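A closer look at the structure
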Amino acid sequence: MFPGFDDERVDVGEVVLRVRHGGSGPAVLLLHGHPRTSATWHRVAPVLCDAGFTVVCPDLRGYGASTAPPSAPDHAQASKRAMAADLAALMRRLGHERFTVAGHDRGSYVALRLALDHPGAVERLAVLDSVPISEALARCTDRFATAWWHWFFFAQPEKPERAITADPDAWYGGDPAVLGEEAYAEYRAAIHDPGTVHAMLEDYRAGLGVDRAHEEADRAAGRRLRCPVLVLWSTRDDMEYLYGDPLTVWREWAADVRGHGIESGHHMAEEAPDELARALLAFCG
């Protein structure tokens, strides 16, 4: 995977991030979702490099081979603000003052926070298969609660850890034919690590509390995204079922919003990498 990329551990202050990076040219930061690692991008990142971009693929704090600080009572150590600060520091240390960021699933919430908290660094924002956390919760109907029940289960203390670690393969699934053998092995190692499982669940606990509060504070203060925003969603996932046109939700957060669906299941970087890469390259210009 990731031919020609460096694979490093970078100390960004509170945590040490595992990061793959390679290429030359304008920088693109790719952020994975739950329960994946940076390996989810192994079919997309080389295409962007070949097109003349520097590509940076970290494991988010607590995910994969990146570390996590001890859990706090309010779960703020897993907040998207803390994760965004990690990534701003990472990009500076790699020499990238301005960059495009694309995030999938949970990574899209980190990408949003990065663009809001560090607007001078983020030139463009791409969000994949998501609307902001506060928007999802504000629209929480029976449809959402039925389809996304795991948000509320993962927020409970201790019980989700016990359920997942009892049989991680049965809980999370995964197909090496879809992920690729190496990516599947890396993903499987992560979901079988109890510390990683706990850190990933802390991400969700932060989501329902401190992350939601941060987004609601942004809206109350009238803060909007300054950069262009690309919204992509998997047509075989549930974005359209839950929200109709996801662009209408994101237009409350930014003036420059464009995007479209991609024929794929939820993990589009693995299932439709060529189409995803084309969309990102068109957006990055």
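Located above this text is the structure these notes cover.
Residues numbered from 1 in each chain as written. Predicted model: local features only at pLDDT ≥ 70, side-chain atom pairs only at ≥ 80, totals over all residues. Heavy atoms only, no water.

A closer look at the side chain of Q77
If you trace the backbone, Q77 turns up in the loop between strand 4 (54–58) and helix 2 (80–93). For Q77, a relative accessible area of 10% translates into the label buried. Separated by 2.9 Å, the side chain of Q77 and the backbone nitrogen of A72 make a polar contact. Residue contacts for Q77: discarding those within four places in its chain leaves R61, P69, P70, S71, A72, A82 and E202. (Helix = DSSP H or I, 4+ residues; strand = E, 2+ residues; numbered from the N terminus. Buried < 20%, exposed > 50% of the residue type's maximum accessible area, 1.4 Å probe, protein only. Polar contact = N/O pair within 3.5 Å; in protein donor to acceptor, adjacent residues only side chain to side chain. Contact = heavy atoms within 4.5 Å.)

Let's talk about the packing of aromatic side chains
Taken as a whole, this structure holds 13 aromatic pairs when the rule is applied. The interplanar angle of 85° and the centroid separation of 5.4 Å between the aromatic rings of F144 and W151 together place this pair among those described as edge-to-face. Considering the side-chain rings of Y184 and Y187, the 6.0 Å spacing of their centres and the 45° angle between planes classify their relative orientation as tilted. Of this pair, Y184 and Y187 both sit in helix 10 (residues 181–191), three residues apart, which is roughly one turn of that helix. Relative accessible area serves as the criterion here: at 1%, Y187 is assigned to the buried category. Across from the ring centre of Y204, 3.9 Å away, lies the NZ or CZ of R106, which sits over that ring. (Phe/Tyr/Trp six-rings, centres within 6.5 Å; stacked < 30°, edge-to-face > 60°. Lys NZ or Arg CZ within 6 Å of the ring centre and 35° of its normal.)

Description of helix 11 (residues 194–220)
Taking 1.5 Å as the rise per residue, helix 11 with 27 residues should run 39 Å; its terminal C-alpha atoms sit 38 Å apart, in good agreement. A bend of about 55° at G207 is the largest found in helix 11. Where helix 11 begins, the capping side chain belongs to D193, and its oxygen is found 3.1 Å from the backbone nitrogen of G195. Once helix 11 finishes, G222 follows within two positions and takes phi at roughly 75°, a positive value. (Expected span 1.5 Å × (residues − 1). Bend = angle between axes of the 7 residues up to and from the residue.)

Considering unusual backbone geometry
What is expected of a backbone is that most residues other than glycine have negative phi and most peptide bonds are trans. Of note, the amide linkage connecting H34 to P35 takes the cis form, showing an omega dihedral of -5°. With respect to the helices, strands and loops of the structure, P35 is situated in the loop between strand 3 (27–31) and helix 1 (45–50). Positioned with a positive phi, F2 is a non-glycine residue whose angle comes to about 55°. Looking at where F2 falls in the secondary structure, it is placed in the segment before strand 1 (6–11). The exposure class assigned to F2 is buried, which follows from its relative accessible area of 4%. Positive phi outside glycine occurs at E158, with the angle close to 70°. Tracing the sequence through the fold places E158 in the loop between helix 6 (150–154) and helix 7 (159–166). Of the residues examined, E158 reaches a relative accessible area of 61% and is grouped as exposed.

Quick word on the nonpolar core
By size, the foremost hydrophobic cluster in this structure holds 65 residues, and its most contacted members are L125 and L225. When residues no more than four places from it in sequence are discounted, the contact partners of L125 are V101, A111, L112, A115, L225, C227, P228, V229, L230 and F283. F5, V44, I262 and A272 belong to the second largest nonpolar core, which has 27 residues in total. (Core = buried A, V, L, I, M, F, W, Y, C linked by side-chain atoms within 4.5 Å.)

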